[in-house]
Amino acid sequence: MTVRRVLIVGGGIAGLATAAGLRKAGISCEIVERATQWAPVGAGIVMSVNAMSVLRRIGVGERAADSGIELGRGAITDADGNELSSIDFGSLRSEFGPTIAIHRAALHAALLDAAGDVPVSLSTSIESLVQQPEHVEVELTDGRQEEFDLVLGADGLHSQVRKLTFGEIPIDYSGYTCWRMIVECPSDDVAMREMWGRGLRFGLAPVGNNQLYCFAVANAPRGEADPLEGRLDRFRKRFASFGGQVPDVLAALTHPEELLHADLEEIPKSPWFEGRVALLGDAAHAMTPNMGQGAAMALEDSAVLVESLTQPGSLEERLEGWVGRRALRVRWVQNQSRRIGKIGQLEGAFGCFMRNAVMSITPERAAAGALRKLASQPI
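Since we're looking at a predicted model, the values are computed, not measured.

Scoring rules and cut-offs
- Residues numbered from 1 in each chain as written.
- Predicted model: local features only at pLDDT ≥ 70, side-chain atom pairs only at ≥ 80, totals over all residues.
- Heavy atoms only, no water.
- Salt bridge = Lys/Arg side-chain N within 4 Å of Asp/Glu carboxyl O.
- Buried < 20%, exposed > 50% of the residue type's maximum accessible area, 1.4 Å probe, protein only.
- Pairing = 2+ DSSP bridges.
- Helix = DSSP H or I, 4+ residues; strand = E, 2+ residues; numbered from the N terminus.
- Phe/Tyr/Trp six-rings, centres within 6.5 Å; stacked < 30°, edge-to-face > 60°.
- Lys NZ or Arg CZ within 6 Å of the ring centre and 35° of its normal.
- Axes fitted to C-alpha atoms, helices over the stretch in contact; angles between N-to-C directions.
- Parallel < 35°, antiparallel > 145°, perpendicular 65-115°, else oblique.
- Left-handed = near helix turned anticlockwise from the far one by under 90°.
- Contact = heavy atoms within 4.5 Å.
- Nonpolar A, V, L, I, M, F, W, Y, C, P; charged D, E, K, R; others polar.

Novice: When you look at the pattern of salt bridges in this model, what are you seeing that I'm missing?
Specialist: A side chain with one charge can pair with a side chain of the opposite charge if their charged atoms come near. Counted by the stated rule, this structure contains 23 salt bridges. The salt bridge partner of E168 is K163, with a shortest N-O separation of 3.6 Å. Judged by relative accessible area, which is 45%, K163 ranks as partly exposed. Via salt bridges that share partners, R5, E30, D142, R144 and E146 belong to a single interconnected network.

This is the structure we're talking about:
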């Protein structure tokens, strides 16, 4: 059965990468995106070696590398900046390629260009869908009623496609909330650092153009309000105990809108497809960001899905093969990320002391082991 027409719901990393891959494979597709304009959030992202491998597949690896900064090292430190654990990204480069930190806007622009002439409808999402044996009947929020061979939900954690197909799927709260930001902070350093305090973490990575991408994490009740009024003062007070570059970052913040705030949530269990509707990326398996693999898993989903759709067999067989290749790998990453988060967010003085002591005697090769595993295993 030939897949001739695909609807992609969501124009983020997963949606655009899928559009680029389908276009390259000669499969007609279009994107609907609920945002009114292309305005990626003011934050950065680290493209690990396995993520960069997929970007190279769809022809944007070189552009991503040119638009961002190649990271030489990664390190975990204590709140004062004393190194506890490190990883040499350069040691992976010759075998697997570079690790790149990039502004999300630059990555989004590269993926949008790779999607080329794929039709995009902004201010549009999916209103309803009805599956038939040979197609999916779709009603869009702009009033159109269309038929597609396949509908792909790449619409994130709160996916409308997932809700329409599977109903309400539980979304778990990690126990900690996050702020992300881009600040002007000139530096010649090409290292990514994550600083671990007591129930608090602060991460920093250069993304080029004298800009620093930062994220800050704190244990907090789910849904705790953080209104714009007073946000900067509260944030500075919360992370005032951190050393290193953090005081410079706190001083560089000038407007509360620079701090993008959201709870960190995950979907530990959800079906990936039913009939002619499939989910990928966060819509299927949102995870905590502690391994920096959320976008990488979405990109891998996209690459394997496109490859599967070009294979012989029924659509169900191809989608089952796709999930069969992806599910165990994704769950491993999701579980590892959750474990790292629990360790990183410890609050008790003794627990944090023991954590830091163990990390400080852990060989560097152990820190690189997870990345090497992800990079060396076929997706």
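Novice: I tried to follow the sheet that holds strand β2 (residues 28–33) on my own but got confused; where do I start?
Specialist: Hydrogen bonds along the backbone pair up the strands of a sheet, which may run parallel or antiparallel. On the basis of which strands lie adjacent, the open sheet formed by six strands has the order β8-β2-β1-β12-β19-β18 and mixed pairing. In this open sheet, the two edge strands, each paired with only one partner strand, are β8 (120–122) and β18 (273–274). Two strands pair when backbone bridges link them, and β18 and strand β19 (residues 277–279) are joined in this way by two bridges, in the antiparallel orientation. The partner of F273 across the bridge, within β19, is A278.

Novice: Sorry, what's going on with the packing of aromatic side chains here?
Specialist: Scanning the model with the defined rule gives nine aromatic pairs in all. Relative to F215, the ring of Y213 has its centre 6.1 Å away and its plane inclined at 45 degrees; by these criteria the two rings are tilted. Here Y213 and F215 have matching classes, each one buried. A cation sits over an aromatic face here: R201 above Y176, 5.5 Å from the ring centre. Above the ring of W332, the side-chain terminus of K373 is found at 4.0 Å from the ring centroid.

Novice: Please clarify how the packing of helix α2 (residues 49–57) against helix α10 (residues 294–309) should be interpreted in this entry.
Specialist: Axes are the key here: two packed helices are described by the angle between their axes and the distance separating the axes. For the pair α2 and α10, the least separation of the axes is 8 Å and the interaxial angle reads 40 degrees. One finds that α2 runs oblique with respect to α10. The hand of the α2/α10 crossing is left-handed. Mapping the contact onto sequence places N50, A51, V54, L55 and R57 in α2 and A296, M297, L299, E300, A303 and E307 in α10. Its residues assigned to classes, the contact of α2 with α10 comprises seven nonpolar, one polar and three charged.

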